[in-house]
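# Residue-level structure breakdown
As a plain string of letters, each chain reads:
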There are 2 protein chains.
Amino acid sequence: MARADYPQPVVELIAELKRLPGIGPRSAERVAVWLLQHKQSNPLELSESLCRAKEQVTSCSVCGFFATADGCPVCSDDSRDAQEICVVEQATDVLPLERSGAFKGFYHCLGGKLSPLDHVTPDDLRIAPLLRRLEKTPKVEVILALGADVEGEATSNYLAELLASRDCSVTRIAQGISAGGGIDHADELTLMRAMQGRRRVE
Amino acid sequence: MARADYPQPVVELIAELKRLPGIGPRSAERVAVWLLQHKQSNPLELSESLCRAKEQVTSCSVCGFFATADGCPVCSDDSRDAQEICVVEQATDVLPLERSGAFKGFYHCLGGKLSPLDHVTPDDLRIAPLLRRLEKTPKVEVILALGADVEGEATSNYLAELLASRDCSVTRIAQGISAGGGIDHADELTLMRAMQGRRRVE
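This report concerns the structure included in the present document. The shown structure was predicted, so the numbers you read here are calculated from the model rather than taken from an experiment. (Residues numbered from 1 in each chain as written. Chains lettered and ligands numbered in written order. Predicted model: local features only at pLDDT ≥ 70, side-chain atom pairs only at ≥ 80, totals over all residues. Heavy atoms only, no water.)

This part is about the overall build of chain A. A tally of regular secondary structure across chain A gives seven helices and six strands. Counted from the first residue to the last, chain A has its helices and strands arranged as α-α-α-β-β-β-α-β-α-β-α-β-α. Against the compact-globule benchmark of 17 Å for 202 residues, chain A has a radius of gyration of 22 Å, which places it well outside the compact range. Dimensions of chain A along its principal axes, counting C-alpha atoms only, are 75 × 45 × 35 Å. For chain A, the proportion of its 202 residues judged to be buried stands at 38%. Summarising the internal contacts of chain A: among those between residues at least 6 apart in sequence, 49% fall at separations of at least 24. Surface exposure of chain A reaches about 11600 Å², of which carbon and sulfur atoms provide 52%. Mean positive and mean negative side-chain charge positions of chain A (23 and 29 charges, respectively) differ by 2 Å. (Helix = DSSP H or I, 4+ residues; strand = E, 2+ residues; numbered from the N terminus. Rg over C-alpha atoms; globule rule 2.2 N^0.38 Å. Buried < 20%, exposed > 50% of the residue type's maximum accessible area, 1.4 Å probe, protein only. Contact = heavy atoms within 4.5 Å. Areas by Shrake-Rupley, 256 points an atom, 1.4 Å probe, with all protein chains shown as cover. Lys, Arg positive; Asp, Glu negative; His and termini not counted. Charge placed at Lys NZ, Arg CZ, Asp CG, Glu CD.)

Structure representation (structure tokens):
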């Protein structure tokens, strides 16, 4: 007697789903079965969405954010402040900043952060395109909005040093306690940064 | 200035992914971005897998397990014991039982369990096909392998009563402490069932 298993197309679907980030073998099985059995599932719609997104979505050659045939929604927006370029790690970092409403300039996505252990060197990041942008637009403010982890800090320091001699001003977003967060929940390093970055109350 | 957002195809992909079970808005976003940006992702392969599975996989008209054009892998296996039919809730319950290797008969998937609160009545389950199967194969052992929750218990009791007058024997899988589990971690009801189901050591 052969032990019964899912039919081959289901096994293949589970294998594909299992490769997605954050989806383990059991979730993959659950999602596959749901897609095939649930009344409200629509696997063909998902399939088409995947094709459409893959075909139509590219990366903006200037800033690295998502772009389509219509161009990049950020770079094509003339109402933005051309004197501010915010440097972020990934294209996905743009949206949280946009949602905050605190920044109205342009972006530059590096495509990662320096990480010698993962063999990510300055050449792997979009640093050369950033320098070319700065040559075309002198006297801009370059705002470093990279993560506060070790690699993010290293990348920020590297860029700050690299840009020091260029015709631009360089700033970094503040580190401190998060909105709504109590002192008792903040870690020591965060509190140290918050203390160092304190500002006069006016 | 318009706040930048993902291009429409990405927004649609995220919306489709968000509908999957166990995938929230943030995971959906992460998966979509990974599919579009990661070198090892293969969205078109996933898309094709979905179509193939949806097209080729059906439900076996006899037992309710997954079937393809080649038929049902369980029902078409002549080496199985025709004198045993194991009743489970869902098609997905078949695989854990198959993997345990403890059962070598045929299955019958009900497609759910009795649940008056969710308007699931006996008519909504594959009970009539079960009765027709039993008429064709007299004197089989019907093994009830339904869940030990309230609805599973109710369904087991309903089936046991319904089948009492038929030409078959009815058994239920044992309830007790799980393999590798200590007494201190088992809940009271499980311990009660384990005690009631105790067997003489031989």
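Further notes follow.
Let us now look at the environment of Gly71 of chain A. Topologically, Gly71 of chain A is positioned in the loop between β2 (66-67) and β3 (81-88). Classification of Gly71 of chain A as partly exposed rests on a relative accessible area of 30%.

Think of interface size as the accessible area that goes away when the parts come together; that is how it is often given. Contacts between chain A and chain B engage 59 residues on the former and 60 residues on the latter. Carbon and sulfur atoms supply 69% of the area buried between chain A and chain B, which totals about 5500 Å² over both sides. Applying the counting rule to chain A against chain B returns two salt bridges. Joining chain A to chain B, the criterion identifies eleven residue pairs in polar contact (both at pLDDT 80 or more). Split by residue class, the side of chain A that touches chain B holds 32 nonpolar, twelve polar and 15 charged. (Buried area = accessible area lost by both parts, 1.4 Å probe. Salt bridge = Lys/Arg side-chain N within 4 Å of Asp/Glu carboxyl O. Polar contact = N/O pair within 3.5 Å; in protein donor to acceptor, adjacent residues only side chain to side chain. Nonpolar A, V, L, I, M, F, W, Y, C, P; charged D, E, K, R; others polar.)

Moving on, we come to the packing of aromatic side chains. Evaluated as defined, the whole model comprises six aromatic pairs over all chains. An angle of 65 degrees between the planes, with centres 5.4 Å apart, marks the rings of Phe66 of chain A and Tyr6 of chain B as edge-to-face. Highlighted residues: Phe66 of chain A in strand β2 and Tyr6 of chain B in the segment before α1 (8-18), drawn from two different chains. Residues Phe103 of chain B and Tyr107 of chain B carry aromatic rings whose centres are separated by 5.1 Å and whose planes lie at 65 degrees to one another, so their mutual orientation is edge-to-face. Here Phe103 of chain B and Tyr107 of chain B have matching classes, each one buried. Three or more aromatic residues joined by ring pairs make a cluster, and in this case those are Tyr6 of chain A together with Phe65 and Phe66 of chain B. (Phe/Tyr/Trp six-rings, centres within 6.5 Å; stacked < 30°, edge-to-face > 60°.)

Before going further, it helps to spend a moment on the side chain of His108 of chain B. Residues and elements named next belong to chain B. Mapped onto the elements of the fold, His108 is located in strand β4 (residues 105-109). Here the side chain of His108 touches Arg133 through a polar contact of 3.1 Å, side chain to side chain. Not counting chain neighbours up to four residues away, the residues in contact with His108 comprise Val62, Cys63, Ile85, Cys86, Val87, Val88, Arg126, Pro129, Leu130 and Arg133.

What follows deals with the side chain of Arg80 of chain B. With respect to the element layout, Arg80 of chain B can be found in the loop between β2 (66-67) and β3 (81-88). A residue is classified by how much of its surface remains accessible, and Arg80 of chain B, at 5% relative accessible area, is buried. A distance of 2.8 Å separates the side chain of Arg80 of chain B from the side chain of Glu98 of chain B, its partner in a polar contact. When near neighbours in sequence (up to four residues on either side) are disregarded, Arg80 of chain B contacts Met1, Ala2, Arg3 and Ala4 of chain A together with Val74, Glu98, Lys104, Gly105, Phe106 and Tyr107 of chain B.

Our focus in this paragraph is the sheet that holds strand β5 (residues 141-144) of chain B. Residues and elements named next belong to chain B. The sheet built from four strands is open, its strands ordered β4-β3-β5-β6 with parallel pairing. Every other strand in the sheet has two partners, leaving β4 and β6 (169-172) as the edge strands with one partner each. Here the strands of the sheet are splayed against their neighbours by 25 degrees on average, with no regard to which way each runs. For β3 and β5, the ladder comprises four bridges, and the chain directions are parallel. (Pairing = 2+ DSSP bridges. Axes fitted to C-alpha atoms, helices over the stretch in contact; angles between N-to-C directions.)

Right, let's talk about the relation of the copies chain A and chain B for a bit. Least-squares fitting of chain A to chain B yields an RMSD of 0.2 Å, with the superposition described by an axial translation of 0.0 Å and a rotation of 180 degrees. Taken together, the rotation and translation describe the operation of a two-fold axis. Considering only C-alpha atoms, the residue of chain A closest to the rotation axis is Ser47 of chain A, which sits at 2.1 Å. With an isologous cut-off of 70% or more, the 100% of interface residues of chain A that recur at the interface of chain B puts this contact in the isologous class. (Least-squares fit on C-alpha atoms with pLDDT ≥ 70 in both.)

For the coordinates displayed, the defined rule picks out zero disulfides over all chains. In this structure Cys51 of chain B is a free cysteine whose sulfur lies 7.1 Å from that of Cys51 of chain A, the closest cysteine sulfur available. By relative accessible area, Cys51 of chain B is classed as partly exposed at 23%. A disulfide-free cysteine, Cys63 of chain B has its sulfur positioned 3.6 Å from the sulfur of Cys75 of chain B, the nearest such atom. (Disulfide = S-S within 2.5 Å.)

Let us now look at helix α3 (residues 43-56) of chain B. Over its 14 residues, α3 of chain B extends 20 Å from the first C-alpha to the last, a length consistent with the 20 Å expected when each residue adds 1.5 Å. Listed as buried for α3 of chain B are Pro43, Leu46, Ser47, Ser49, Leu50 and Ala53 of chain B. One side of α3 of chain B holds all its buried residues, which, seen down the axis, span an arc of 160 degrees. Contacts from the buried residues of α3 of chain B go to α1 (8-18), α2 (25-37) and α3 (43-56) of chain A together with α2 (25-37) of chain B. (Expected span 1.5 Å × (residues − 1). Arc of directions from axis to C-beta.)

Read these as geometric descriptors, not functional statements.
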